[in-house]
Amino acid sequence: MMYDICVIGSGAGAGPIIYELSKAGFKVCVLEKGEVYKRKDFSKDEIATVRRDIYTPKLDEEYHTIEENIDGKWIKFPTYETGWSFWNGNILGGSSNFMSGFFYRLKPNDFKLKTIYGKAKGSNIEDWPISYEELEPFYDKVEKIVGVSGEPSFYKHQEPRSSKNFPFKPLDEHPIVKLIDKASTQLAYSIVKTPRAIISKNSNHRSACYYSNYCGSYACSSGAKGSSREALILPSLKTNNVTIIPNAFVYKLNVNKEKKIISANYYTKEKKSKEIKAKLFVVAAQAVETSRLLLNSKSETFPKGLANNSGNVGKNFLSTAGGVVSGTFDETNMELKQLLKPGLFVNRAIKDFYYTKDFKGGMIELVFDHANPIKRANSLKWDGSKLLIGKALQDKIYEKFTKTRTLNIEIFVDWTPNDNSFISVDEKYKDKYGVPVANIRIGAFKDDIKISKFLEEKAIALFKQMKVKNINSNISELPAQNLLAGGCRFGDDPKTSVLNKHCQAHEINNLFISDASFMPTGGSVPYTFTIYANSFRVAEYIKKNYDKIMT
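Rules of the game
- Residues numbered from 1 in each chain as written.
- Predicted model: local features only at pLDDT ≥ 70, side-chain atom pairs only at ≥ 80, totals over all residues.
- Heavy atoms only, no water.
- Core = buried A, V, L, I, M, F, W, Y, C linked by side-chain atoms within 4.5 Å.
- Buried < 20%, exposed > 50% of the residue type's maximum accessible area, 1.4 Å probe, protein only.
- Helix = DSSP H or I, 4+ residues; strand = E, 2+ residues; numbered from the N terminus.
- Contact = heavy atoms within 4.5 Å.
- Arc of directions from axis to C-beta.
- Salt bridge = Lys/Arg side-chain N within 4 Å of Asp/Glu carboxyl O.
- Pairing = 2+ DSSP bridges.
- Axes fitted to C-alpha atoms, helices over the stretch in contact; angles between N-to-C directions.

Visitor: What should I look at first to understand the nonpolar core in this one?
Guide: Judged by nonpolar contacts, the single largest core of 130 residues is most densely connected at Ile-5, Leu-31, Ile-176, Leu-253, Leu-306, Leu-407 and Leu-499. Sort the elements by how many residues they give to this core and helix H12 (residues 528-550) lands first, with 11 residues. When near neighbours in sequence (up to four residues on either side) are disregarded, Leu-306 contacts Leu-253, Val-255, Ile-261, Leu-294, Ser-297, Val-313, Ile-508 and Leu-511. Of all hydrophobic cores here, the second largest spans 12 residues; its members include Val-288, Phe-317, Ile-423 and Ile-440.

Written as structure tokens, this is what we have:
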């Protein structure tokens, strides 16, 4: 069968494409590397969900290689040696099933950082080829269709909104926000109430949040979380225009002499090779795997990889810089019964330092430590260099679980694109299918660490104002494994970018890339909201120009 559109992946970058184009009458085939799960399959079992490879491949079968700068030398090692996984969810709906749902927009100046702050030596920073004003209607669309709960906050860096309010009222908040708000006011920090892609009331086929206490890293069993699977793919199936093929690992895209993709090859779970033909292809396999697929799709027309005659595929990989400041609360801070209330959201951030006069800053987000009891208990087994066992460990766990609570301040800083942050492939390292795996060089930009330290000071000041105990801080050069972008940046110049402003490959008319790969810079916020918005923008362009693209 010849499909109108083949979408590779089903996460945040794919969902809007599937949703919009199937509703417009196009026949859409979705090739998803993972399995199809339903709500009833999702539990809050830490062992099954977090500590085992249920939704991600086993690293001894499918892995990545990492290049890390150690003592001035780039050292490569496979992730199966360390357990450091860059897989974020091979499942219908992708990693959007497991997000915490922090939905912050980029700000107008995020689209033109080079113009505002200049190009630092050693960076590859570029302005976006579109403006905030062009993307804003699609942010608004995501809020309504995917579902965002919240209350607009007013502060000096707030971005313009076409809708006055969010479509869903704010989620219920934990009593600790009173302490946060008071301390913030005393420090003259502005409070930002976190918008969340979690609905606070029943809507269509989805039920409201029931405050399970297990949200980030867990799939939602009520349908409240705005995953691509729940909010977009399930409704699109009602059109009867969508065919989902699960357990389909796409390893090559085939191109003809006219520079048109004609088919995709994929392996089944049984390692059988199959082929899908379509008129137009949209790749949304998440940033690392999208670059890997293009680089592995070599041909006479594209000897360096698909759409890579310019040599830009894989370059300028992005994550997020920053770290975490943590502290302990107990009954000296607030009534223990209130402190230990489970499931309610903190939903507080500080964005006063998102921009400064001299440099792009970032934001800090306040969240409770994950509820995971095994992880929390395991972290208590050491007292300095002494391993605790028996009653000593039991008493420490009891004290921690029943008399204290840990609050974290997560620091988000832009990851500056540079020559030592990229995706490549190495023929020496292959997965169980015999396909070269992605190599990730994780070169952080030195100024990003300075900015992280700047925000660390603001976070510690807030904790001290709240009289928090046991303040610990960890600022790291290492990338966040769940925040991946870049590799196929969009731009107006084919010499320095892979995609045009519509996320259409410069060199291949019927290839679009709609995951986070397109981003030249990522902002100081989680990427998912912007991925959704841009994918709706790309879907609209394809709908309006499909016949023109095909000629």
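Visitor: When you look at helix H5 (residues 177-186) in this model, what are you seeing that I'm missing?
Guide: Helical geometry: 3.6 residues make up each α-helical turn, so side chains three or four residues apart lie on a common side. Listed in full, the buried residues belonging to H5 are Val-177, Ile-180, Ala-183 and Ser-184. The buried residues of H5 occupy an angular sector of 130 degrees when the element is viewed end-on, so they sit on one face. Set apart from the buried face of H5 by more than 90 degrees, the exposed residues are Lys-178, Lys-182 and Thr-185. On its buried face, H5 sits against strand E12 (348-350), strand E13 (362-368), strand E16 (405-414) and helix H11 (446-465). Just beyond H5, the residue with positive phi is Ala-188, at close to 65 degrees.

Visitor: Would you mind going over the pattern of salt bridges with me for this structure?
Guide: Pairs may arise between side chains of opposite charge once their charged atoms sit close together. Taken as a whole, this structure holds 35 salt bridges when the rule is applied. Across the salt bridge formed by Glu-62 and Lys-432, the nearest N and O atoms sit 3.9 Å from each other. Here Glu-62 is found in the loop between helix H2 (46-49) and strand E3 (65-70), whereas its partner Lys-432 is found in the loop between strand E17 (421-430) and strand E18 (436-442), with 370 residues between them in sequence.

Visitor: Explanation requested: the sheet that holds E18 in the structure shown.
Guide: Strand pairs in the sheet, formed through backbone hydrogen bonds, run parallel or antiparallel to each other. Taking strand neighbours across the sheet as the criterion, the 4 strands line up as E4-E3-E18-E17 in an open arrangement whose pairing is mixed. The outermost strands of the open sheet, each flanked by one partner alone, are strand E4 (73-78) and E17. Going from strand to strand, the sheet's axes swing by 30 degrees on average, the running direction of each strand aside. When E3 meets E18, the two strands line up parallel, connected through 3 bridges. Note on E18: the bridge partner recorded for Glu-67 is Arg-441.

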